[in-house]
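Architecture at a glance
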Amino acid sequence: MTVPEPLPDPADEIDLTLPNPARVYDYMLGGAHNFATDREFAERVLAALPDTRELALANRAFLGRAVRVCLDRGLRQFLDLGSGIPTAEPVHEIAHRADPAARVAYVDVEPVSVAMSRQILTGVDGASITAADLTDAEAVLAAPGVAGLLDPAEPVAVLAVSVLHFVRDDDLLGVLFDRYATAFGPGSMLVVSHGSTDVDDPHTAERMRTIERLTRDTAQPARSRDRALLRRLLVDRPGHRLELLEPGLVDVSDWRAEDGQPGAGRAGMYAVVGEVVPRR
Ligand SMILES: C[S@@+](CC[C@H](N)C(=O)[O-])C[C@H]1O[C@@H](n2cnc3c(N)ncnc32)[C@H](O)[C@@H]1O
């Protein structure tokens, strides 16, 4: 798919003075939807940590595998929070290959991602893009692109892949995902990947610490969370729990790894994939 370079539109309030994670990530994945400031930052990261591109690819490959697992379990609705620019094997293409009637609601806060998503989704049935901040769950769930597309009585796979490290407040994160996890019908799933430093491999842990440090100079500083905290905020909740799919809370590269895909336990990002089970 050929998509033109993004043009800064003052109406979109694009801040070009600071690198933005959506566009840095796009650059890492080989996309064209980024600006000089994003590319310079990405090159700085790559100079310090040459294998960061593999991390982005491993994360993206995990997203594809998790979406296919949700489809195999019969889910046909997806809410993709912090969706970025849906170019590299986007969720709607994977879902529509399995079932043309599947529905995908993308949500992102970053203007270039939203503009590019709008362009990519023009003429595509069953997919929408909403410009919203995922930390305002009520606004996201009520938005026409979400409420008008997803049937809340049916299960939804809520995806939050490589985005929750931008939500820095732990309590807010827990409460937010209580809301998202329980907003839809029985059988709903949560799919998360999250940067971490409590990993066995010292190089991977150091890479994540360096990324955290480097992102302090960006529009959205990131923070990592360890496995115990992710369990507390996303898996074991007072009102519901996630029944984690095998192999549980592991590095994204190890989560149902397939031959020929990037990774092998070195991404430094945990996968959290589970079915939402209400507590009685
Ligand atoms: C690293 S990219 C990940 C994109 C995609 N989920 C993936 O894994 O390929 C993070 C995305 O989250 C978006 N984002 C960050 N904070 C957000 C927020 N509070 N609400 C909505 N989107 C957000 C960024 O704009 C960016 O597009």
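Residues numbered from 1 in each chain as written. Predicted model: local features only at pLDDT ≥ 70, side-chain atom pairs only at ≥ 80, totals over all residues. Heavy atoms only, no water.

1. Re helix α1 (residues 21–28)
By the criterion of burial, α1 is predominantly enclosed, with seven of the eight residues buried. Those residues of α1 that fall on the buried side of the exposure criterion are P21, A22, R23, V24, D26, Y27 and M28. Lining the buried residues of α1 we find α2 (36–48), α3 (52–72) and α5 (111–121). Capping the start of α1 is the job of one residue whose side-chain oxygen sits 2.9 Å from the backbone nitrogen of A22: N20. With its phi angle positive at about 90°, G30 sits one or two positions after the end of α1. (Buried < 20%, exposed > 50% of the residue type's maximum accessible area, 1.4 Å probe, protein only. Helix = DSSP H or I, 4+ residues; strand = E, 2+ residues; numbered from the N terminus. Contact = heavy atoms within 4.5 Å. Polar contact = N/O pair within 3.5 Å; in protein donor to acceptor, adjacent residues only side chain to side chain.)

2. Let's talk about the packing of aromatic side chains
Tallied over the full model, the rule gives two aromatic pairs. Ring geometry for F62 versus W255: centroids 5.7 Å apart, planes at 90°, classification edge-to-face. With F62 in helix α3 and W255 in the loop between β6 (240–244) and β7 (269–278), the pair connects residues that are 193 residues apart, well separated along the chain. On the basis of relative accessibility, which here comes to 0%, the residue F62 falls in the buried class. Relative to Y180, the ring of F177 lies with its centre 5.3 Å away and its plane at 50°, an arrangement referred to as tilted. Of this pair, F177 and Y180 both sit in helix α8 (residues 170–181), three residues apart, which is roughly one turn of the helix. Under the relative-accessibility criterion, F177 is labelled buried at 2%. We note R53 situated over the ring of Y27; from NZ or CZ to the ring centre the distance is 5.8 Å. (Phe/Tyr/Trp six-rings, centres within 6.5 Å; stacked < 30°, edge-to-face > 60°. Lys NZ or Arg CZ within 6 Å of the ring centre and 35° of its normal.)

3. Some remarks on the site of the ligand
As a matter of local geometry, the ligand sits amid 19 residues, with Y25, R60, G82, D108 and V161 nearest to it. Contact distances for the ligand include 2.7 Å between a nitrogen atom and a backbone N or O atom of G82. Between the ligand and D133, the relevant distance is 2.8 Å, taken from a nitrogen atom to a side-chain nitrogen or oxygen of the residue. A total of 600 Å² of accessible area belongs to the ligand in isolation, and the protein chains cover 97% of it. Its atoms largely coinciding with the cavity grid, the ligand occupies the largest pocket. (Near = heavy atom within 4 Å. Areas by Shrake-Rupley, 256 points an atom, 1.4 Å probe, with all protein chains shown as cover. 1 Å grid on protein atoms, 1.4 Å probe; cavity = no way out; pocket = protein on both sides within 12 Å on 5 of 7 lines; lining within 4 Å. Sits in = over half its atoms within 2 Å of the grid points.)

4. Some words on the confidence of the model for the chain
In low-pLDDT segments, the atomic positions of the prediction should not be examined closely. Looking at the chain, the pLDDT average stands at 88 and 93% of residues meet or exceed 70. Confidence drops under a pLDDT of 50 for residues 1–11, and excluding neighbours within four residues, the segment shows 21 contacts in the predicted structure. (pLDDT = per-residue confidence, 0-100.)

5. Quick notes on the nonpolar core
In this structure, F62, V67, F78, V91, L159, V191 and W255 are the most contacted members of the largest nonpolar core, which totals 46 residues. Residue contributions to this core peak at 10 residues, all from α3. Residues contacting V67, with those up to four places away along its chain left out, are F78, V91, I94 and L159. (Core = buried A, V, L, I, M, F, W, Y, C linked by side-chain atoms within 4.5 Å.)

6. Let's talk about the side chain of N59
Following the sequence through the fold, N59 ends up in helix α3. With a relative accessible area of 2%, N59 lands in the buried category. Beyond its immediate chain neighbours, meaning those up to four positions away, N59 contacts Y25, V161, S162, S193, V252 and M269.

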